[in-house]
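Fold and geometry: a report
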Amino acid sequence: MMRQFFLTLSVQAALRKAHSSSVRPQPVPPLLQTLQRYLTALEPLLPPEELEHTRGIVQKFGCPGGLGENLQRELIKRAKHSHNWISDWWVQWAYLECRQPLAVHSNPAISLPKRDFTDWRGQLVFASKLIAGVLDFKAQVDSGRLGVEYIRGQPLCMELFPQLFSSCRIPGPKHDHVIHYGRPRRGPAHITVVRNYQFFQLDVYNSDGTPLTESQIHAQLLRIRSQSWKTDKQPMGILTSEHRHTWGQAYTRLLRDKINKESVRLIEKSIFTLCLDSPVMRISDEKYSSRMAAQILHGGGTFSNSGNRWFDKTLQFVVGEDGSWGLLYEHATAEGPPIATLLDHVLDYCKKPDRMRAPLIPLPMPKKLYFYINSEIKWDLEMAKQNLDILINDLDIKCFNFQRFGKDFVKQLKLSPNSFIQVAIQLAYYRVHSEVCAACDIASLRMFRGGRTDYIRSPTNQMLSFIRAFDDDAVSVSNGSREAKVQLLREAVDAVIFDQSLMGQGIDRHLLGLKLQAIEEGLSVPRIFMDTAYGLATHWKLRTGQVPANTDSVMCFGPLVPDGYAVCYNPQQDHVHFSITAFNCCEETNAEKLALTLERSLHDLQELFQPTV
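Every value quoted in this text rests on a predicted model; they were computed, and no experiment measured them.

Cut-offs used in this document
Residues numbered from 1 in each chain as written. Predicted model: local features only at pLDDT ≥ 70, side-chain atom pairs only at ≥ 80, totals over all residues. Heavy atoms only, no water. Salt bridge = Lys/Arg side-chain N within 4 Å of Asp/Glu carboxyl O. Helix = DSSP H or I, 4+ residues; strand = E, 2+ residues; numbered from the N terminus. Buried < 20%, exposed > 50% of the residue type's maximum accessible area, 1.4 Å probe, protein only. Pairing = 2+ DSSP bridges. Contact = heavy atoms within 4.5 Å. Axes fitted to C-alpha atoms, helices over the stretch in contact; angles between N-to-C directions. Phe/Tyr/Trp six-rings, centres within 6.5 Å; stacked < 30°, edge-to-face > 60°. Lys NZ or Arg CZ within 6 Å of the ring centre and 35° of its normal. UniProt positions renumbered as here; feature names shortened; annotations may be inferred. Parallel < 35°, antiparallel > 145°, perpendicular 65-115°, else oblique. Left-handed = near helix turned anticlockwise from the far one by under 90°. Lys, Arg positive; Asp, Glu negative; His and termini not counted.

Our next topic: the pattern of salt bridges. If you walk through the whole model with that rule in mind, you get 25 salt bridges. Its salt-bridge partner being Lys 77, residue Glu 74 comes within 3.4 Å of it at the nearest N-O pair. Taken together, the residues Glu 74 and Lys 77, both in helix α5 (residues 67-80) and three residues apart, mark about one turn of the helix. Classification of Lys 77 as partly exposed rests on a relative accessible area of 44%. Salt bridges sharing common partners tie together Arg 99, Arg 169, Asp 176, Arg 244, Asp 312 and Glu 330.

Moving on, we get to the pairing of strand β17 (residues 565-571). Extensive coverage of β17 is indicated by the burial of seven of its seven residues. Residues Tyr 565, Val 567, Tyr 569 and Pro 571 of β17 are buried on one face, and the alternating residues Ala 566, Cys 568 and Asn 570, pointing to the opposite face, are buried as well. Taken together, the five bridges between strand β15 (residues 542-546) and β17 define a ladder with parallel strand orientation. Bridge assignment links Leu 542 to a residue of β17, and that residue is Tyr 565.

Tracing the backbone shows Ser 228 in the loop between α9 (214-226) and α10 (244-254). Those residues in contact with Ser 228, other than ones at most four positions away along the chain, are Arg 195, Asn 196, Gln 198 and Phe 200.

Right, let's get into the sheet that holds strand β13 (residues 439-444). Strand order across the open sheet formed by six strands is β12-β18-β17-β15-β13-β14, with mixed pairing between neighbours. Two strands lie at the open edges of the sheet, namely β12 (395-402) and β14 (453-458), each paired on one side alone. Between one strand axis and the next, the sheet turns through 20 degrees on average, direction left out of account. Here β13 runs beside β14; their pairing, made up of six bridges, is antiparallel. Bridge pairing in β14 links Ala 439 to Ser 458. On the sheet, helix α24 (residues 591-609) packs against β12, β17 and β18 (576-583) and is oriented at approximately 20 degrees with respect to β12.

Before going further, it helps to examine the packing of aromatic side chains. Counted under the stated rule, the structure contains 23 aromatic pairs. Ring geometry for Trp 247 versus Tyr 251: centroids 5.4 Å apart, planes at 85 degrees, classification edge-to-face. Linking Trp 247 with Tyr 251, this pair stays in helix α10, spanning four residues, or about one helical turn. Ring geometry for Phe 402 versus Phe 405: centroids 5.0 Å apart, planes at 80 degrees, classification edge-to-face. Using a relative accessible area of 5% as the deciding quantity, one classes Phe 405 as buried. An aromatic cluster of at least three residues, connected via ring pairs, comprises Trp 90, Trp 93, Tyr 95, Tyr 455 and Trp 540. The lysine or arginine in question, Arg 543, covers the ring of Phe 557, its NZ or CZ lying 4.1 Å from the ring centre.

Here the focus is the environment of Arg 490. Of note, Arg 490 is situated in helix α19 (residues 481-495). Apart from the residues within four sequence positions on either side, Arg 490 is in contact with Leu 413, Lys 414, Leu 415 and Phe 609.

Glancing now at the UniProt feature "active site" (unreviewed entry) in the protein. As recorded in UniProt, the sites labelled "active site" (unreviewed entry) are His 331. Take His 331: it is sitting in the loop between β10 (325-329) and α13 (336-350). Residue classification places His 331 among the buried positions, given a relative accessible area of 9%.

With that settled, consider the packing of α10 against helix α14 (residues 375-394). Put simply, α10 and α14 touch, their axes get as near as 10 Å, and they point 150 degrees apart. Relative to α14, the element α10 lies roughly antiparallel. When the axes of α10 and α14 are compared, the crossing they make is left-handed. Residues Ala 250, Arg 253 and Leu 254 of α10 touch α14, and the partners they reach there are Glu 376, Ile 377 and Asp 380.

Another aspect to go through is the side chain of Lys 515. Mapped onto the fold, Lys 515 is located in helix α21 (residues 508-520). Glu 97 provides the closest opposite charge to the buried, salt-bridge-free Lys 515, at an N-O distance of 9.6 Å.

Taken across its five residues, β10 has five buried, putting it largely inside the fold. Covered by surrounding structure in β10 are Trp 325, Leu 327 and Tyr 329 together with Gly 326 and Leu 328, the residues of both alternating faces. Bridge count between strand β1 (residues 109-112) and β10: four bridges; the pairing is antiparallel. Note that in β10 the partner of Ile 110 across the bridge is Leu 327. Judged from the five bridges that link them, strand β9 (residues 315-320) and β10 form a sheet pairing that is antiparallel. When the bridges of β10 are listed, Phe 317 appears paired with Leu 327.

Laid out in structure tokens, this is it:
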């Protein structure tokens, strides 16, 4: 049986290779097309005189025989001789070289609908089912049985799925790197379970290679609970929430000790991490979704469950005693769509009864991971605890469920729900701040081999025209009142074009590639990227993201810039879930105010089509 298990896994690489060849390479967009679209994107953000100045810089960059053409030629060469011409650069630049803490600033959290248990017994039963569901999904990935996903008849790249398991980000003093241990034949056979700040190695496969049954897993979780009654005095996981440079230095000190090195390596190699969180203070139903999103995102602080995290780990499933649960993932390795596929599988698995009988085989005791903490490490921990609590206190989170309508209503209007919500978000921002701002939504590039993401930009000229007219009675009357507003709204929604980015014709990854190509050649950074307009265009005051989920989940992450917001939305048939975050240190931003304004803006847009008598 063991031989058959390995034979099944041995076809994995061949299956992936065959699929990979059916997914086309990512194109390099035409240079002049990108430059023209870049100028168009700047129009609603810049005054005419500044736009004209930037236009001259852009035209010089793109002129025949100029610097832009030379860099474009090298990018096309790169595309011919690489798996994907931008993805590795993007991961390195956007994630691995970023020095901000992973907590809040980078790792997205997904909070899922509350389960029907309210104590530790139900927590462990559900956690057992959850672990079994994830292992079932992993078995499909490893054996090549996971069905290829499609969009508009085109196969999507499936390369990220194997990377989700047994992978971890490793801190460094100048940049991080990702290490992946998931080899089919000799890959890790354990997960990490953390409870009361204590880490345990839990083997999840029998000696013949078959996964543990739910009842076996449950018995092992009971053993872990019996070994972790008291909260550990030193929450080692909090070290991973530090500034990356600081954590990189502490990591080096930590691994000098043999015991610490073994414990850290076992966490890094584990298939994934399960966080068994202790109860949190009961709050009103109105604030519950915001509190739970915060718990998944950062653990609630050093006096709550933040010590139950290892933020470098690619996958961390969180299960609380009150029925709350969710997933926290590290962005350098994982993207939203593969995570959504994983969660959909787990949710379907959790609906099935456990029909597997537990074999009468004694299981080894889960291994507690120990750490030797000297005075240096203790100081590192104290600093990490202070810094994390400051970060958590600075983050304002507001989650709400907009129940007046969902995507069905917008589709009835023959409009794109995603674009419609984008217009509503910019309208709300304008009402709060009296301006529009650079905003980015995420487009998946999985239609291409090794593709990651690109940005869908807003606002557009059409969106700005609508927003200005919508609350200006003088403008609206002169244009024919309601009918004129409806037309302007339709034009604004239609102008938010997702297809360009989905088809590999977005502007932001292309511009970044041109910039990084110049740096790689040892050239000075081209003037187009030193222009203040480029700084404004990439200062994302609105970071938005649609959750591609079939359930009432709420995604949550921190703003990209100190004076910005992050707005996540999950449109269902008759309602839309939102999460909004902002930093309290910025006097101009306010998550609660933007949330209330967004609710009113959505209601006003509905009134435009369905006026109340």
